[in-house]
Amino acid sequence: MRYWLMKSEPECYGIDHLAKEPKKITPWDGVRNYQARNMMRDEMKKGDLAFFYHSNANPPGIAGVVEVVKQGYPDHTAFDPTDEHYDPKSDPDNPRWFMVDVKLKQKFKQEISLKELRDNPGLEAMQLLKKGNRLSVMPVEKQHWDVIMNILG
DNA sequence: GCCAACGTTGGC
DNA sequence: GCCAACGTTGGC
């Protein structure tokens, strides 16, 4: 079982959107970055947990926890010319982009802001906190996961 | 709105 | 394969 962090802009799709889905499940579509794709396609497994991170938010931070309920499969929004994430180079017979389905496990009563994460001892090595980090899907080490869950008290 | 840090594209 | 130009991400 592995741990992850997935970013989304709350104005686009935040944790409250997910909470309103019929089964609290959503496909994590629209990712168009190869590193992030590789992780969703090859590494994320059913039962893995991920932080739902609000990027470009005020303030940015971790809003809750989701569980991977369906492993990597082709992102069909890449095949749809009317979709904003359409990619003509993705062939349905040889898909370029992949996604997973996630289910809301827990919405934090209070978000853990990026500043709180930075101020918290023990998280200095987290990929999220490193300079220039732009990946929208990234692994989280168990020790960091545990530290963050303990912040909730 | 600014800007650093990447990632992608395309000419050569 | 190199690299400049350009586009995007995302914190501030």
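Up top you'll find the structure we're talking about.
A quick note: this is a predicted structure, and the numbers were derived from the prediction, not measured. (Residues numbered from 1 in each chain as written. Chains lettered and ligands numbered in written order. Predicted model: local features only at pLDDT ≥ 70, side-chain atom pairs only at ≥ 80, totals over all residues. Heavy atoms only, no water.)

A closer look at the pattern of salt bridges
One side chain can pair with another of opposite charge once the charged atoms of both are near each other.
Then step 1. Following the criterion strictly, the structure yields 7 salt bridges and no others.
Then step 2. The shortest N-O distance in the salt bridge between Arg-2 and Glu-43 comes to 2.7 Å. With a gap of 41 residues between them, Arg-2 in the segment before strand S1 (3–8) and Glu-43 in helix H3 (residues 34–43) connect regions that are remote in the sequence.
Then step 3. Between Lys-115 and Asp-119 there is a salt bridge, with its nearest N and O atoms 2.5 Å apart. On the criterion of helical spacing, the pair formed by Lys-115 and Asp-119 is a turn pair, its members being 4 residues apart in helix H4 (residues 114–119). The pair formed by Lys-115 and Asp-119 is uniform in burial state, with each residue classed as exposed. (Salt bridge = Lys/Arg side-chain N within 4 Å of Asp/Glu carboxyl O. Helix = DSSP H or I, 4+ residues; strand = E, 2+ residues; numbered from the N terminus. Buried < 20%, exposed > 50% of the residue type's maximum accessible area, 1.4 Å probe, protein only.)

Quick notes on the protein's contact with DNA strand B
Then step 1. All residues in the neighbourhood of DNA strand B are listed as Tyr-34, Gln-35, Lys-89, Lys-131, Gly-132 and Arg-134.
Then step 2. In the interface set of DNA strand B, defined as its atoms within 4 Å of the protein, sugar plus phosphate atoms amount to 65%.
Then step 3. Between DNA strand B and Gly-132, the relevant distance is 3.4 Å, taken from a phosphate oxygen to a main-chain nitrogen or oxygen of the residue.
Then step 4. The class makeup of the residues in the surface near DNA strand B is 1 nonpolar, 2 polar and 3 charged. (Near = heavy atom within 4 Å. Polar contact = N/O pair within 3.5 Å; in protein donor to acceptor, adjacent residues only side chain to side chain. Nonpolar A, V, L, I, M, F, W, Y, C, P; charged D, E, K, R; others polar.)

Describing helix H5 (residues 142–151)
Then step 1. The set of residues buried in H5 consists of His-144, Trp-145 and Ile-148. Angular distribution of buried residues about the axis of H5 spans 105°; they occupy a single face of the element. When the buried face of H5 is taken as reference, the exposed residues oriented beyond 90 degrees from it are Gln-143 and Asn-150.
Then step 2. As for H5, its buried residues are in contact with S1, strand S3 (49–54), strand S4 (61–74), strand S5 (98–113), H4 and strand S6 (137–140).
Then step 3. Following H5 by one or two positions, Gly-153 has its phi on the positive side, about 80°. (Arc of directions from axis to C-beta. Contact = heavy atoms within 4.5 Å.)

As for the protein's contact with DNA strand C
Then step 1. Every residue close to DNA strand C is listed here: Lys-7, Tyr-53, Ser-55, Asn-56, Pro-60, Leu-114, Arg-118 and Arg-134.
Then step 2. Counted by atom, the contact set of DNA strand C within 4 Å of the protein is 68% sugar and phosphate.
Then step 3. Take Lys-7: an N or O atom from its side chain is 2.9 Å from a phosphate oxygen of DNA strand C.
Then step 4. Residue Asn-56 places a main-chain N or O atom 3.0 Å away from a phosphate oxygen belonging to DNA strand C.
Then step 5. Along the lines of polarity and charge, the residues of the surface near DNA strand C split into 3 nonpolar, 2 polar and 3 charged.

Some words on the layout of surface pockets
Then step 1. Considered as a void within the structure, the largest pocket measures approximately 480 Å³ in volume.
Then step 2. Forming the walls of the largest pocket are 16 residues, and the residues nearest its centre are Ser-8, Cys-12, Tyr-13, Asp-29 and His-85.
Then step 3. Only S1, helix H1 (10–13) and strand S2 (25–27) provide two or more residues apiece to the lining of the largest pocket.
Then step 4. Among the residues making up the lining of the largest pocket, the classes are represented as 5 nonpolar, 6 polar and 5 charged. (1 Å grid on protein atoms, 1.4 Å probe; cavity = no way out; pocket = protein on both sides within 12 Å on 5 of 7 lines; lining within 4 Å. Points joined across faces, edges and corners; volume = space filled by probe spheres on them.)

Description of the side chain of Ser-55
Then step 1. Looking at the secondary structure, you find Ser-55 in the loop between S3 and S4.
Then step 2. Assessed through its relative accessible area of 16%, Ser-55 is described here as buried.
Then step 3. For Ser-55, the contacting residues outside a window of four places in its chain are Lys-7, Ser-8, Glu-9 and Pro-10.

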